[in-house]
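# Structure at a glance
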Amino acid sequence: MSELYQKGFFEFIAAADSEKVHSQTIGWIFSKNCNVFEPNEKSEILNALLNQKSKKNEDFTPEKVLVEFDDIDILIETKKCLIVIENKIKSSQHSNQLFKYEYLTAQNLETALNCYERWKSIEFPKDNFKSKFEKAKPKERAKLISSWVSNWSKQDKLKLKDLKTEDIEERFSNKSSKYVYLTLIKEKQTSGNWIPITYSSLHSVLSAYFLKKEEKNLQQYAIVKSYLSTIGNLSKIVADFIEKPSKYEFVFKEGKTKKKVLKIEEKEKGDAKSYIKELQLETLLQKCFYTNLYERLNKTNSELLNKLSDYSISETNGTALLDFIFDKIKISGIEYTPILQFQGNAIKLALAGSKTTGINGVSNLGSRKTAFENRINKFSEKFNGSPKLSTPKNENGFLSININKEKDFWQMGENPEMFVAKKIKLAIDFFQGFQGS
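These numbers come from a predicted model, not from an experiment.

### A word on the overall build of the chain
Along its length, the chain carries 16 helices and 12 strands. For the chain, long-range pairs separated by at least 24 residues make up 61% of all intrachain contacts whose partners lie at least 6 apart in sequence. Taken as a whole, the chain presents about 22,800 Å² of accessible surface, with 48% of it coming from carbon and sulfur.

Written out as structure tokens, the structure reads:
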């Protein structure tokens, strides 16, 4: 970690980790207000980012650029297309967040309906909504969608502005849409319509065009140069961390602490450690570790992962966690979701409530606890003793046991996926036949 990270303007004003500042800067670069790149170059840059697989060349010359419009981070309007960019530096997407933007930028009624169809597994405000929708005519469906989205947004606190029924067709753009999910690290997405792009790719493409530039407009040139320096620093940190996470042990040990007060010498030092601390990138890098761990595991143990229901990477109290989710099981007639969780020094086997249980659902703590304890006793040899059962503070919380009696799992050597695969196999055996225990 001896490499130095020189502070640029954005670091100095404490804006290097601000999503809003990044969105405003990227929006400005592609807008008509920035003359560093010619209009045709902006189209070429967007083509290089969006059409990497097909390599076809479309006219993406920006005609209008809006930032934070209807909660959309960046909206680039071209002659035939809307480019919607969801920008994430340290935060992750909220539940159903991407669907909201797809709906708001729907090309026409048919596109809106197709968007709805992909998301109809979402819990509806009313039980009979689904049947109403399927029986309704197209015009009536538009009204139902408008009403449903409004209620759903309030329910999920997504601050979606009310869509009046009479205005719904006026919102259709009549333009096709491209959806971009811009992140500092790779993230799992909830919608396949979004093109994942990393800041590293953005930096690479912009830099290639910027190197050809002369300092014609000194002020604008300096801004772009400073911005490229900042996203270059961020990308370099992530790349180095991915290559050798063991060099960054402090990321795992200190990541859960809140805002740190850095000493003057730390602020001036400029090495990777002080840079990460000052920008509070610890939790993000923990997520990066889990993301790459899952990708490696998927390459070497895909058949094992196919036995699972799903996985997720999130955080609580500033510490990232990786959940491997298994098929639901029933205890006394109530469904629960088995989970294998990695977080901090803990590796937990847990039973979480489903949509019908959980915080607002039916409680069945006694029978859950008995079934869990019976299963622990049967697996005591594999656990090297009987781990303590963690009982929730309220009846509807989830039960768990910590099965990690080894060293910190981020120090698992060069093959951590093998370590995780063993824990998954243990979890499969543990939860298998749980209902009859």
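Further notes follow.
### Digging into a nonpolar patch on the surface
Residues F9, F12 and I13 make up a contiguous nonpolar surface patch of roughly 380 Å² in combined accessible area. Within the secondary structure, F9 sits in helix α1 (residues 9–12). Judged by relative accessible area, which is 51%, F9 ranks as exposed.

### What to know about the nonpolar core
Among the nonpolar cores identified, the biggest contains 95 residues, and F324, I424 and F430 are the most heavily contacted of them. Excluding its chain neighbours within four sequence positions, the residues that come into contact with I424 are L297, L304, L305, L308, F324, F326 and L340. Of all hydrophobic cores here, the second largest spans nine residues; its members include I72, L82, L98 and Y179.

### Digging into the packing of aromatic side chains
Inspection of the entire model under this criterion finds 18 aromatic pairs. Arranged with centres 6.3 Å apart and planes meeting at 45 degrees, the rings of Y248 and F250 form a pair that is tilted. The exposure class of Y248 is buried, given its relative accessible area of 0%. An aromatic cluster is defined as three or more aromatic residues linked by ring pairs; in this entry it consists of F241, Y248, F250, F252, F289 and Y290. The positively charged end of K212 is found above the aromatic ring belonging to Y209, 4.9 Å away from the centroid.

### Quick notes on the sheet that holds strand β3 (residues 81–88)
Read from one edge to the other, the open sheet built from five strands follows the order β1-β2-β3-β4-β5, with strand pairing classed as mixed. Of all the strands in the sheet, the pair left with one neighbour each is β1 (64–69) and β5 (194–198). For this sheet, the mean inter-axis angle between neighbouring strands, taken without regard to orientation, is 25 degrees. Along the sheet face, helix α2 (residues 19–30) touches β1, β2 (72–77), β3 and β4 (176–183) and points at about 170 degrees away from the line of β1. Strand contacts of helix α3 (residues 39–50): β2, β3, β4 and β5, with the helix running at about 105 degrees to β5, the strand carrying the most contacts.

### Some words on the packing of helix α9 (residues 218–243) against helix α12 (residues 272–279)
In contact at an axis separation of 11 Å, α9 and α12 are set at 110 degrees when each is read in the N-to-C sense. For the element pair α9 / α12, the angle class is roughly perpendicular. Taken together, the residues of α12 that come into contact with α9 (itself represented by T230, N233, L234 and I237) are A272, Y275, I276 and L279. Looking at the contact of α9 with α12, its residues break down into six nonpolar, two polar and no charged.

Scoring rules and cut-offs
Residues numbered from 1 in each chain as written. Predicted model: local features only at pLDDT ≥ 70, side-chain atom pairs only at ≥ 80, totals over all residues. Heavy atoms only, no water. Helix = DSSP H or I, 4+ residues; strand = E, 2+ residues; numbered from the N terminus. Contact = heavy atoms within 4.5 Å. Areas by Shrake-Rupley, 256 points an atom, 1.4 Å probe, with all protein chains shown as cover. Patch = residues over 30% accessible without salt bridge, like charges linked within 9 Å, V, L, I, M, F, W, Y side chains within 5 Å. Salt bridge = Lys/Arg side-chain N within 4 Å of Asp/Glu carboxyl O. Buried < 20%, exposed > 50% of the residue type's maximum accessible area, 1.4 Å probe, protein only. Core = buried A, V, L, I, M, F, W, Y, C linked by side-chain atoms within 4.5 Å. Phe/Tyr/Trp six-rings, centres within 6.5 Å; stacked < 30°, edge-to-face > 60°. Lys NZ or Arg CZ within 6 Å of the ring centre and 35° of its normal. Pairing = 2+ DSSP bridges. Axes fitted to C-alpha atoms, helices over the stretch in contact; angles between N-to-C directions. Parallel < 35°, antiparallel > 145°, perpendicular 65-115°, else oblique. Nonpolar A, V, L, I, M, F, W, Y, C, P; charged D, E, K, R; others polar.

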